[in-house]
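Take a look at the letters that make up each chain.
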Amino acid sequence: MTMPPLPPGRLRVGVIGAGKVGAVLGAALANAGHLVVAASAVSEASLARAAVLLPDVPIKPIDEVIADSDLVVLAVPDDALATLVHGLAAAGAWRPAQLVLHTSGRSGLGPLAPAIALGVGGMAIHPAMSFTGTEMDLQRLRDCCFGVTAPPDLIAPAFALVVEMGGEPLLIDEFDRTRYHLGLAHGANYLVTLVAQAAQILAAAGVEDTDRLLRPLLGAALDNALRNGDAALTGPVARGDAGTVAEHLQVLERESPDVREVYRVLAEATLTRAERGRRLSAADAHGIRQVLDPQKETP
């Protein structure tokens with residue numbers, strides 16, 4: 001069946017992987033006037049998500065999604081991306097002049113090479129955001145930056161797609177993608193671990209509403225860190241307060257091993273950065289190190 005023409009600049013979009021990212025980006029493109037013609041979804045969670053965010057969009061096999069689409073959104077796990085694209089190329093699924101974008105943070109155009117070799121226009125467009133897979137994410141996209149890697153002739157279209165979804169495009173060089181993704185993961189992913197550990201410690205101290213206690217403190221700390229970098233360092237390590245660190249370590253003996261290890265590693269890292277910024281005297285730094293690792297500091 002021949003599909004009706006679309007307004008100028010609008011694309012028929014297919015979403016492969018209706019997970020938390022794919023379904024949201026598909027909905028954002030639909031809100032921008034593009035026509036989401038098909039999606040692939042396997043799990044019950046993906047099917048339910050597609051029903052909410054992509055209502056009336058038919059769920060089809062991957063090869064049929066590609067066949068119906070001008071723009072294919074590949075929102076699949078990083079490790080599955082290259083294999084999927086290669087398999088689809090071998091099966092003859094791609095067609096020249098088609099566009100495909102993937103949402104992997106760590107990868108540039110490399111995984112899309114088999115499709116690009118067949119005349120497909122490839123783009124890497126990664127939203128630097130933590131997704132819930134709900135309509136809430138459509139609002140959050142307005143404050144979201146996207147790491148974009150594309151050939152010169154597709155940079156403008158890639159940027160336009162990002163802007164249409166409400167985000168801000170940032171050009172990332174092909175060879176910097178892994179470092180770019182590392183910076184995001186190091187900050188965001190481990191922040192979740194750190195906050196969960198802090199809540200665990202406070203709960204053990206009898207604090208019931210850990211969210212209420214931590215939210216203003218962590219919000220201010222994050223804002224200060226983003227504004228001032230290492231100059232925002234505070235707390236007993238940055239002050240050279242070895243006595244407080246020693247008491248913390250005593251209490252940590254009653255905490256789970258992962259909390260103890262993270263405290264020591266972060267204290268060492270904080271000490272290094274405080275020394276680098278000349279915020280601590282040599283004597284204070286020595287005192288902290290002696291508490292953190294007495295054996296290492298023993299002549």
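Here, every reference points to the structure presented above.
Worth saying up front: this structure is predicted, and the values here are computed from it rather than measured.

## Digging into the overall build of the chain
For the chain, the helix and strand inventory stands at 14 helices and seven strands. For a compact globule of 299 residues, the expected C-alpha radius of gyration is about 19 Å, and the chain comes in at 24 Å, more than 25% above that figure. Taking the principal axes of its C-alpha atoms as reference, the chain extends roughly 80 × 40 × 30 Å. Counting only contacts in the chain whose residues sit at least 6 apart along the sequence, the fraction spanning at least 24 positions is 60%. Summing over all exposed atoms, the chain offers an accessible surface of approximately 16,400 Å²; the carbon and sulfur share of this is 59%.

## Focus: the packing of helix α8 (residues 177–204) against helix α12 (residues 257–276)
Direction vectors running N to C along α8 and α12 enclose 120 degrees, while the axes themselves pass 11 Å from each other. One element, α8, and the other, α12, form an angle in the oblique class. As for how α8 packs across α12, the hand of that crossing is left-handed. Where α8 approaches α12, its residues Leu194, Gln197, Gln200 and Ile201 are matched on the opposing element by Asp258, Val259, Val262 and Leu266. Tallied by class, residues from the contact of α8 with α12 come to five nonpolar, two polar and one charged.

## Brief notes about the pairing of strand β5 (residues 121–127)
Among the seven residues that make up β5, seven are buried, leaving the element largely enclosed by the rest of the structure. Taking every second residue as pointing to the same face, both faces of β5 are buried, with Gly121, Met123, Ile125 and Pro127 on one and Gly122, Ala124 and His126 on the other. Pairing of strand β4 (residues 99–102) with β5 involves four bridges; the strand directions are parallel. In the strand pairing of β5, Leu101 is matched with Met123. Of the strand pairs in this sheet, β5 and strand β6 (residues 145–149) are connected by four bridges, and their pairing is antiparallel. If you follow Ile125 over to β6, its bridge partner there is Val148.

## Topic: the nonpolar core
With 33 residues, the main nonpolar core has Val13, Leu71, Met123, Ile125, Leu141 and Phe146 as its most contacted residues. For this core, the secondary-structure elements that each account for two or more residues are β1 (12–16), α1 (20–31), β2 (35–40), β3 (71–74), β4, β5, β6 and α7 (155–164). The element best represented in this core is α1, accounting for six residues. Apart from the residues lying within four places of it in its own chain, the contact partners of Val13 are Leu29, His34, Leu35, Val36, Val37, Ala38, Ser69, Leu71 and Val73.

## So, the pairing of β3
Along β3, one buried face is formed by Leu71 and Val73 and the opposite face, lined by Val72 and Leu74, is buried too. In terms of strand pairing, β1 meets β3 through four bridges, oriented parallel. Each bridged residue has a counterpart across the sheet, and for Ile16 the counterpart in β3 is Leu74. By the bridge criterion, four bridges tie β3 to β4 in an arrangement that is parallel.

## Overview of the packing of α12 against helix α13 (residues 282–292)
It is at 11 Å that the axes of α12 and α13 come closest, and there the two elements cross at 165 degrees. Comparing the axis directions of α12 and α13 gives the class roughly antiparallel. Handedness of the α12/α13 crossing: left-handed. Between α12 and α13, the residues in contact are Arg264, Ala267, Glu268, Leu271, Thr272 and Glu275 and Ala285, Ile288, Arg289 and Leu292, respectively. Looking at the contact of α12 with α13 residue by residue, the classes come out as five nonpolar, one polar and four charged.

## Some points on the environment of Cys144
Checked against the element boundaries, Cys144 lands in the loop between α6 (136–140) and β6. Considering only alpha carbons, one finds Cys144 and Gly166, 22 residues apart in sequence, at a separation of 7.8 Å. Sequence-distant contacts of Cys144, that is, excluding residues within four places in its chain, are made with Pro127, Ala128, Met129, Gly167 and Glu168.

## What to know about a nonpolar patch on the surface
On the surface, a cluster of nonpolar side chains totalling about 240 Å² of accessible area is made up of Leu191, Leu194 and Leu266. Checked against the element boundaries, Leu194 lands in helix α8. On the basis of relative accessible area, Leu194 is assigned to the partly exposed category, the value being 38%.

## Considerations on α1
Between its first and last C-alpha, α1 extends 17 Å over twelve residues, near the 16 Å set by a 1.5 Å rise per residue. Buried within α1 we find Gly22, Ala23, Val24, Leu25, Gly26, Ala27, Ala28 and Leu29. The positive-phi residue at the C-terminal boundary of α1 is Gly33, with phi of around 105 degrees.

## Section: the sheet that holds β1
Spatial strand order, β2-β1-β3-β4-β5-β6-β7: seven strands in an open sheet with mixed pairing. At either margin of the open sheet sits one strand with a lone partner, and together these are β2 and β7 (168–171). If you compare each strand with its neighbour and ignore which way they point, the axes differ by 25 degrees on average.

Conventions we followed
- Residues numbered from 1 in each chain as written.
- Predicted model: local features only at pLDDT ≥ 70, side-chain atom pairs only at ≥ 80, totals over all residues.
- Heavy atoms only, no water.
- Helix = DSSP H or I, 4+ residues; strand = E, 2+ residues; numbered from the N terminus.
- Rg over C-alpha atoms; globule rule 2.2 N^0.38 Å.
- Contact = heavy atoms within 4.5 Å.
- Areas by Shrake-Rupley, 256 points an atom, 1.4 Å probe, with all protein chains shown as cover.
- Axes fitted to C-alpha atoms, helices over the stretch in contact; angles between N-to-C directions.
- Parallel < 35°, antiparallel > 145°, perpendicular 65-115°, else oblique.
- Left-handed = near helix turned anticlockwise from the far one by under 90°.
- Nonpolar A, V, L, I, M, F, W, Y, C, P; charged D, E, K, R; others polar.
- Buried < 20%, exposed > 50% of the residue type's maximum accessible area, 1.4 Å probe, protein only.
- Pairing = 2+ DSSP bridges.
- Core = buried A, V, L, I, M, F, W, Y, C linked by side-chain atoms within 4.5 Å.
- Patch = residues over 30% accessible without salt bridge, like charges linked within 9 Å, V, L, I, M, F, W, Y side chains within 5 Å.
- Salt bridge = Lys/Arg side-chain N within 4 Å of Asp/Glu carboxyl O.
- Expected span 1.5 Å × (residues − 1).

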